[in-house]
Amino acid sequence: QVQLEESGGGLVQAGGSLRLSCAASRVTFSSFAMGWFRQVPGKEREFVAAISRSGSTNYADSVKGRFTISRDNVKNAVALQMYSLKPEDTAVYYCAAKFSGYFYYYVEEGDYEYWGQGTQVTVSS
């Protein structure tokens, strides 16, 4: 059973930065495409960023230019570096994994097979 564990969330002022990490275990990490999603209470989970096995990336328009997704296949981890945070970035952030071909990333929640428990990010104005 694949296990994903997020860390790095917290409270930050608008304009600040945070770095989220997701550690994967019980998995051949390099065989998985990875993604980050976020969810606000009462709303559907939304796509934030994705990275393929090859390192290709894709971002939601709302975070493009402010967030960077990266992966470390040695440490079995994926990170989300967030800059210029806004109050509307406040959400629970989830990482997700999908067993995948080498060049593909995924932006749909339903494409992913495994999910972490989430980490809260709160941006104060």
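What you see is a predicted model, and the numbers here were worked out from it, not measured in a lab.

**So, the pattern of salt bridges**
With the rule as written, the count across this model stands at six salt bridges. Arg38 is the partner of Glu46 in a salt bridge, and the nearest nitrogen-oxygen pair spans 2.6 Å. Residue classification places Glu46 among the partly exposed residues on the basis of a relative accessible area of 37%. The shortest N-O distance in the salt bridge between Lys98 and Glu113 comes to 3.9 Å. Residue Lys98 is located in strand S9 (residues 91–99), and its partner Glu113 is located in the loop between S9 and strand S10 (114–115); the two are separated by 15 residues in the primary sequence.

**Overview of the pairing of strand S5 (residues 46–51)**
Burial analysis of S5 places five of its six residues in the buried class, which makes it a mostly covered element. Both strand S4 (residues 32–39) and S5 contribute to a ladder of five bridges, which runs antiparallel. Each bridged residue has a counterpart across the sheet, and for Phe37 the counterpart in S5 is Phe47. In this antiparallel pair of consecutive strands, S4 and S5, the connection spans six residues, and Gly42 shows a positive phi of 85°. Taken together, the three bridges between S5 and strand S6 (residues 57–59) define a ladder with antiparallel strand orientation. From the neighbouring strand, Ile51 faces S6, where its bridge partner is Thr57. Counting the residues in the hairpin turn of S5 and S6 gives five residues, including Gly55, whose phi is positive at 100°.

Each value, and the rule that gives it
Residues numbered from 1 in each chain as written. Predicted model: local features only at pLDDT ≥ 70, side-chain atom pairs only at ≥ 80, totals over all residues. Heavy atoms only, no water. Salt bridge = Lys/Arg side-chain N within 4 Å of Asp/Glu carboxyl O. Buried < 20%, exposed > 50% of the residue type's maximum accessible area, 1.4 Å probe, protein only. Helix = DSSP H or I, 4+ residues; strand = E, 2+ residues; numbered from the N terminus. Pairing = 2+ DSSP bridges.

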